[in-house]
Amino acid sequence: MAEIVKVSQLVEKLSLEIVTGDEKSLERVIVTGDISRPGLELTGYFNYYSHDRLQLFGSKEISFAERMMPEERLMIMRRLCSEDMPAFIISRGLPASEEMIQAANEYGMAVLRSPISTSRLLGELSSYLDGRLAPRTSVHGVLVDVYGLGVLIQGDSGIGKSETALELIKRGHRLIADDRVDVYQQDELTVIGEPPKILEHLIEIRGIGIIDVMNLFGASAVRGSMQVQLAVYLEAWAKDKKYDRLGSEDTSVEIAEVGIPQIKVPVKTGRNVAIIIEVAAMNFRAKTMGFDATKTFEERLSRLIEENSTNQ
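The model shown is predicted, which means the values in this text are computed figures rather than measured ones. (Residues numbered from 1 in each chain as written. Predicted model: local features only at pLDDT ≥ 70, side-chain atom pairs only at ≥ 80, totals over all residues. Heavy atoms only, no water.)

Visitor: Explain the overall build of the protein here, please?
Guide: Helices and strands together make up the secondary structure of the protein, namely 10 helices and 19 strands. Relative to its length of 312 residues, the protein is extended, with a C-alpha radius of gyration of 27 Å against a globular reference of 20 Å. Sorting the 312 residues of the protein into buried and exposed places 43% on the buried side. Within the protein, residue pairs in contact and separated by at least 24 positions form 69% of the contacts whose partners lie at least 6 positions apart. Roughly 17500 Å² of accessible area belongs to the protein as shown, and the carbon and sulfur atoms make up 50% of that amount. (Helix = DSSP H or I, 4+ residues; strand = E, 2+ residues; numbered from the N terminus. Rg over C-alpha atoms; globule rule 2.2 N^0.38 Å. Buried < 20%, exposed > 50% of the residue type's maximum accessible area, 1.4 Å probe, protein only. Contact = heavy atoms within 4.5 Å. Areas by Shrake-Rupley, 256 points an atom, 1.4 Å probe, with all protein chains shown as cover.)

Visitor: Teacher, can you tell me more about the packing of aromatic side chains here?
Guide: The geometry of an aromatic ring pair comes down to the distance between the two centres and the angle between the two planes. A full pass over the atoms with the stated rule returns 3 aromatic pairs. Here Tyr45 and Tyr48 contribute two aromatic rings whose centre-to-centre distance is 6.4 Å and whose plane-to-plane angle is 40 degrees, an arrangement assigned as tilted. Here Tyr45 falls in the partly exposed class, since its relative accessible area comes to 37%. For Tyr48, a relative accessible area of 69% puts it in the exposed group. Residues Phe46 and Tyr49 carry aromatic rings whose centres are separated by 5.3 Å and whose planes lie at 75 degrees to one another, so their mutual orientation is edge-to-face. Judged by relative accessible area, Phe46 falls into the buried class, the value being 13%. For Tyr49, a relative accessible area of 13% translates into the label buried. (Phe/Tyr/Trp six-rings, centres within 6.5 Å; stacked < 30°, edge-to-face > 60°.)

Visitor: Explanation requested: helix H9 (residues 273-288) in the structure shown.
Guide: With 16 residues, H9 extends 22 Å between its outermost C-alpha atoms, agreeing within 8% with the 22 Å of an ideal straight helix rising 1.5 Å per residue. When H9 is considered as a whole, its buried residues turn out to be Val273, Ala274, Ile277, Glu278, Ala280, Ala281 and Phe284. Each buried residue of H9 sits inside an arc of 160 degrees when the element is viewed along its axis, so together they form one side. Elements in contact with the buried residues of H9: strand S9 (142-146), strand S10 (149-155), helix H7 (161-170), strand S17 (230-236) and strand S19 (258-267). (Expected span 1.5 Å × (residues − 1). Arc of directions from axis to C-beta.)

Visitor: Would you mind going over helix H4 (residues 70-80) with me for this structure?
Guide: In an α-helix there are 3.6 residues to a turn, and that puts residues three or four apart on one side. Residues of H4 that are buried include every one of Arg73, Leu74, Ile76, Met77 and Leu80, and no others. Here the buried residues of H4 occupy an arc of 165 degrees about the axis, which is enough to place them on one side. Considering only its buried residues, H4 is in contact with strand S5 (54-57), helix H3 (59-66), strand S6 (87-90) and helix H5 (98-106).

Visitor: Mind showing me how you'd approach the sheet that holds strand S18 (residues 251-255) here?
Guide: Sheet strands pair by backbone hydrogen bonding; their relative direction is either parallel or antiparallel. Strand order in this open sheet of 6 strands is S11-S9-S10-S17-S19-S18, and the pairing throughout is mixed. Strands at the two margins of the open sheet, each flanked by one partner only, are strand S11 (174-177) and S18. Ignoring which end each strand starts from, the neighbouring axes of this sheet average 35 degrees apart. For S9 and S10, the ladder comprises 5 bridges, and the chain directions are antiparallel. Looking at the pairing, Leu143 lines up with Leu152 of S10. Running over the sheet, H7 touches S9, S10, S11 and S17 and is turned about 20 degrees from S9. Sheet strands in contact with H9 are S9, S10, S17 and S19, and its direction is about 135 degrees off that of S10. (Pairing = 2+ DSSP bridges. Axes fitted to C-alpha atoms, helices over the stretch in contact; angles between N-to-C directions.)

Visitor: Can you walk me through a nonpolar patch on the surface in this structure?
Guide: Judged by side-chain polarity, Tyr147, Ile275, Val279 and Met282 come together as a nonpolar surface patch covering roughly 350 Å² of accessible area. Tracing the chain through its elements places Ile275 in helix H9. (Patch = residues over 30% accessible without salt bridge, like charges linked within 9 Å, V, L, I, M, F, W, Y side chains within 5 Å. Salt bridge = Lys/Arg side-chain N within 4 Å of Asp/Glu carboxyl O.)

Visitor: How should the nonpolar core be read in this particular structure?
Guide: One recurring pattern in soluble globular proteins: nonpolar side chains tend to sit buried together. With 28 residues, the main nonpolar core has Val151, Ile153, Ile203 and Leu234 as its most contacted residues. Breaking this core down by element, the ones donating at least two residues are S9, S10, H7, strand S14 (202-205), S17, S19 and H9. Per element, the largest residue contribution to this core is 5 residues, and it comes from H9. (Core = buried A, V, L, I, M, F, W, Y, C linked by side-chain atoms within 4.5 Å.)

Here it is, written out as structure tokens:
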């Protein structure tokens, strides 16, 4: 399910100035990440007005409104207001008209202002709201930042996911979430993972209990959210099972309706899984940059076979 965003949270996150508004107006709820720039509405055309969106005023909207008569401007501002319209936001530090402030006060709404440009403010508003309002699901596992790569460690209960994450943290990597990872789709190809509030910065180690990673290892050992780019599945070593030795089997797992590349690592006594995951992360990044050791080996093998065939 999606989170709830209040106007007060938006003010705090984007450092917006409150031109007018009381505590009640700042408690209004934002239900969509879509932002409206009321161009046609300022001309009086309200047939397709999205009354549940934030109303963003830039230079064009402000200059157009200034050409109106005060009575007409007040009428339009009142029509823009509604019970579920969150707030007015003005960019570039432009002044709010008396009619906008009057209409906002009548409807118990806030008028907010930012010094940054309209396009930049629109991007920051959309990015923040889309992330907060996106539907969330939970996956079982541990999410760790390994060399700037979001690695989701999964596997059967008791396989050693948290212990492996702890070893990675000791080696200088960062914890995002342990045991349960809340994920959401940022766009069609991007999945973001973050910890539930109750588990933030915490990791559970059997035999020890709950550990506060930030308290023990410092602020540099944790991170608030991370794109999930690689899934590592830890499975118990089976003697009779055949494992991929060349890395030529491309598998993926679906997380938040996005396919995430996955590798499976057999776990048995004596294997340093943390180092294996470090190397897997480096190898994955190298592949994305066009350096594939498996292809290099296959090319060398093909050349060797051709040379032997020629010499026979």
